[in-house]
Amino acid sequence: MRRDGYATLPPLLSEEKIEEMLAFLAERRPVGTEALANYQLTDVVNCPHAMELANHPYLLALAGSYLGCAPTISTIGIRWSRPYGQSATVQSFHRDPDDWKMVKFFAYLTDVAEGTGPHVFIAGSQRERPPLFARRYSDEDVANKYGEKAFITIEGRRGTMFMADTSGVHKGAVARKGPRLMLEVGYTLLPIYAFDYHPVTLTRQVLDLDPYINRLIVRPCDAAR
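Residues numbered from 1 in each chain as written. Predicted model: local features only at pLDDT ≥ 70, side-chain atom pairs only at ≥ 80, totals over all residues. Heavy atoms only, no water.

Draft legend 1. Seen up close, the overall build of the protein. Secondary structure assignment for the protein yields six helices and 12 strands. By the compact-globule yardstick of 17 Å for 225 residues, the protein fits well, its C-alpha radius of gyration being 17 Å. Within the span of the protein, comprising 225 residues, buried residues form 52% of the whole. Expressed as a percentage of contacts within the protein between residues at least 6 apart in sequence, the contacts between residues at least 24 apart total 84%. (Helix = DSSP H or I, 4+ residues; strand = E, 2+ residues; numbered from the N terminus. Rg over C-alpha atoms; globule rule 2.2 N^0.38 Å. Buried < 20%, exposed > 50% of the residue type's maximum accessible area, 1.4 Å probe, protein only. Contact = heavy atoms within 4.5 Å.)

Draft legend 2. Just the environment of Ser14, in detail. Here Ser14 is to be found in the loop between strand 1 (6-9) and helix 1 (15-26). For Ser14, a relative accessible area of 33% gives the class partly exposed. In sequence terms Ser14 and Gly178 are 164 residues apart; their C-alpha atoms lie 23 Å from each other.

Draft legend 3. Highlighting the environment of Trp100. Along the chain, Trp100 turns up in the loop between strand 5 (93-94) and strand 6 (102-108). Separated by 41 residues in sequence, Trp100 and Leu59 place their C-alpha atoms 19 Å apart.

Draft legend 4. Expanded view of the layout of surface pockets. Considering only enclosed or pocket space, the largest pocket measures out at about 920 Å³ in volume. Of all the secondary structure elements, the ones that give two or more residues to the lining of the largest pocket are strand 3 (36-38), strand 4 (72-81), strand 6, strand 11 (170-172) and strand 12 (180-188). Across the lining of the largest pocket, the residue classes break down as 18 nonpolar, 13 polar and nine charged. (1 Å grid on protein atoms, 1.4 Å probe; cavity = no way out; pocket = protein on both sides within 12 Å on 5 of 7 lines; lining within 4 Å. Points joined across faces, edges and corners; volume = space filled by probe spheres on them. Nonpolar A, V, L, I, M, F, W, Y, C, P; charged D, E, K, R; others polar.)

Draft legend 5. Quick look at the nonpolar core. Counting residues in hydrophobic clusters, the biggest one holds 44 residues, and the most contacted among them are Met51, Ile78, Phe105, Leu183 and Tyr187. Elements with a contribution of two residues or more to this core: helix 1, helix 2 (41-46), helix 3 (50-54), helix 4 (57-67), strand 4, strand 6, strand 10 (161-164) and strand 12. A total of five residues in this core trace back to one element, the largest contributor, which is helix 4. Contacts of Met51, omitting those with residues within four sequence positions, involve Val45, Ile76, Leu202, Arg204, Val206, Leu209, Asn214, Ile217 and Val218. With 10 residues, the next largest nonpolar core counts Phe106, Val112, Ala164 and Met182 among its residues. (Core = buried A, V, L, I, M, F, W, Y, C linked by side-chain atoms within 4.5 Å.)

Draft legend 6. Inspection of the side chain of Arg158 at higher detail. Here Arg158 lies in the loop between strand 9 (151-154) and strand 10. At 2.7 Å, the side chain of Arg158 and the side chain of Glu19 are in polar contact. Setting aside chain neighbours within four positions, we find Arg158 in contact with Glu15, Ile18, Glu19, Leu22, Tyr108, Leu109, Thr110 and Asp111. (Polar contact = N/O pair within 3.5 Å; in protein donor to acceptor, adjacent residues only side chain to side chain.)

Draft legend 7. Inspection of the side chain of Ser167 at higher detail. Among the structural elements, Ser167 can be located in the loop between strand 10 and strand 11. Judged by relative accessible area, Ser167 falls into the buried class, the value being 15%. Within polar-contact distance, the side chain of Ser167 engages the side chain of Asp165 at 2.6 Å. Apart from residues lying up to four places away in sequence, Ser167 is in contact with Arg95, Asp96, Met102 and Gln126.

Draft legend 8. Just the pattern of salt bridges, in detail. Tallying each qualifying case throughout the model produces 15 salt bridges. Between Asp98 and Lys104 there is a salt bridge; the shortest N-O distance is 3.5 Å. By the burial criterion, Asp98 is buried, and Lys104 matches it. Connected through salt bridges with shared partners, the residues Asp96, Asp98, Lys104 and Glu184 form a single ionic network. (Salt bridge = Lys/Arg side-chain N within 4 Å of Asp/Glu carboxyl O.)

Draft legend 9. Local environment of the sheet that holds strand 3. The seven strands are arranged 1-10-6-12-4-3-2 in an open sheet whose pairing can be described as antiparallel. Two strands in the sheet have a free side with no partner beyond their single neighbour: strand 1 and strand 2 (31-32). Packing of helix 4 onto the sheet brings it into contact with strand 1, strand 6, strand 10 and strand 12, and relative to strand 6 it is tilted by some 150°. (Pairing = 2+ DSSP bridges. Axes fitted to C-alpha atoms, helices over the stretch in contact; angles between N-to-C directions.)

The values reported here are purely geometric and, on their own, carry no functional implication.
Right, dumping it as structure tokens:
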């Protein structure tokens, strides 16, 4: 991952667990636009298996090794990307300015192929010094700078998982043919400076959550369970 900026991972969710997550989410309403809609944080953390996956020892070890310290979970979300006439801003190439060092975990909860919003990463772009101010890049600009061979499009059946250093150039492709549902977890050194954090309450039992790692997402008494 240090060379290319991304790594595909072994599956950590069974089909049964994915079904349980989908059944839970089917009873909740995401918030957003026709193109992109996110579930509320309280629904995400109480979705079966979401916090367990974000705190999986394998993922924490990978994130900690990449960051060089115990990671902080600074973002966690579940998002629909749907076919719509106009794309959202995150569906253009960009870099995440979250922290000095960062890595994100992604898990597809629906099958993802060409036309259903696969993640696209520009291999090696995380090794560059990012610009001072965040900006968007056109497909043409990215292709001219990096070449087509640097485009890594990640497709796969539901349960496909990968990590990426999203300080590199990336985007979620537009879902033109069908919707995509994805879990995303951000691991950083520190809280994201632009965020106003309000940890929420777990209404289900999740064992062995590290209070420090989860301090921005769930209340301390819940993380200590």
